[in-house]
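Single-letter residue listing:
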Amino acid sequence: MKVLGGATSDVARDAEVNGKPPRIAPLREDELSQEAMDYCTRLRKSLGIPETGLMPDVTATMLRHPELNDAQTTIGIMLAAKGRISMRERELAVLRGAWVTGAPFEWSEHVVIGKRVGITGEEIERVIEGGSALGWSRHEGALLTAVDELLSRFMISDETWLILAESWDEQQLMEFPVLVGVYAATAMQQNSLRVTTDGGKPGLTSR
């Protein structure tokens with residue numbers, strides 16, 4: 001796994017993030033403000049979680065900064081529910097970004113989401129190889145390459161842009177760098193806070 005600023009293995013990064021205590025502990029239920037409780041109620045209803053359901057640690061951690069959490073939730077919902085990029089393409093981009101940034105929580109969560117929208121286990125393995133792997137369409141190969149370019153040189157190359165522009169309109173092309181950037185920022189945040197994977201998921205070794 002290639003990680004920004006160096007190289008490490010998926011097992012080593014999992015140990016670095018999941019193998020140590022969180023740097024900022026999740027809020028306990030009895031610590032929630034009324035604002036945070038209202039947010040949890042809305043979140044549970046939108047996800048179909050019972051009122052007595054456990055709150056994910058990532059949510060309980062982010063609620064230590066409600067304003068930031070609201071802002072991140074707003075753009076996340078926009079990209080997921082109102083974005084112009086298809087669910088499959090979005091999840092391929094998020095998975096590649098999570099792999100390149102070495103983000104155990106983001107990767108493991110989006111392996112599940114990706115499969116839900118039709119990405120196969122074999123394709124998840126190919127995401128790890130990147131856009132040059134055999135089996136991708138011309139467009140999907142360019143999409144994965146564009147993720148790498150954005151996270152390494154902070155700009156999509158002319159060659160890759162032209163391939164994406166064969167299939168995407170202006171709004172999709174404008175949205176894509178924001179999509180990659182938002183999830184890269186989330187990866188940085190979750191890694192730095194040491195947000196652990198939910199439900200015993202193995203992190204970057206998830207498939």
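Heads up: the structure comes first, above all this text.
Definitions and cut-offs
Residues numbered from 1 in each chain as written. Predicted model: local features only at pLDDT ≥ 70, side-chain atom pairs only at ≥ 80, totals over all residues. Heavy atoms only, no water. Phe/Tyr/Trp six-rings, centres within 6.5 Å; stacked < 30°, edge-to-face > 60°. Buried < 20%, exposed > 50% of the residue type's maximum accessible area, 1.4 Å probe, protein only. Lys NZ or Arg CZ within 6 Å of the ring centre and 35° of its normal. Helix = DSSP H or I, 4+ residues; strand = E, 2+ residues; numbered from the N terminus. Contact = heavy atoms within 4.5 Å. Polar contact = N/O pair within 3.5 Å; in protein donor to acceptor, adjacent residues only side chain to side chain.

*Asks:* Would you mind showing me how to read the packing of aromatic side chains here?
*Replies:* The geometry of an aromatic ring pair is captured by the separation of the ring centres together with the interplanar angle, meaning the angle of the planes. Inspection of every chain in the model, using the stated rule, returns two aromatic pairs. Centroid distance Trp168 to Phe176: 5.2 Å. Interplanar angle 50 degrees. Geometry classified as tilted. An identical accessibility class is assigned to Trp168 and Phe176; each is buried. When the ring centre of Trp136 is taken as origin, the NZ or CZ atom of Arg126, which lies over that ring, is 4.4 Å away.

*Asks:* How should I be thinking about the environment of Arg88 in this particular structure?
*Replies:* Inspection of the secondary structure puts Arg88 in helix α5 (residues 87-100). Considering only alpha carbons, one finds Arg88 and Arg116, 28 residues apart in sequence, at a separation of 9.5 Å. In contact with Arg88, other than residues within four places in its own chain, are Val117, Gly118, Ile119, Glu123, Trp136 and Glu140. Within the local environment of Arg88, its side chain forms a polar contact with the side chain of Glu140, the two groups lying 2.7 Å apart.

*Asks:* Quick question: what am I supposed to make of the side chain of Asn191 here?
*Replies:* Tracing the sequence through the fold places Asn191 in helix α10 (residues 170-193). Each residue touching Asn191, except ones within four places of it in the same chain, is listed here: Arg13, Val17, Thr101, Gly102, Ala103 and Pro104.

*Asks:* Please explain the side chain of Arg90 as it appears in this structure.
*Replies:* Structurally, Arg90 can be placed in helix α5. Dropping the residues within four chain positions of it, Arg90 is found in contact with Leu79, Ala80, Ile85 and Leu179.

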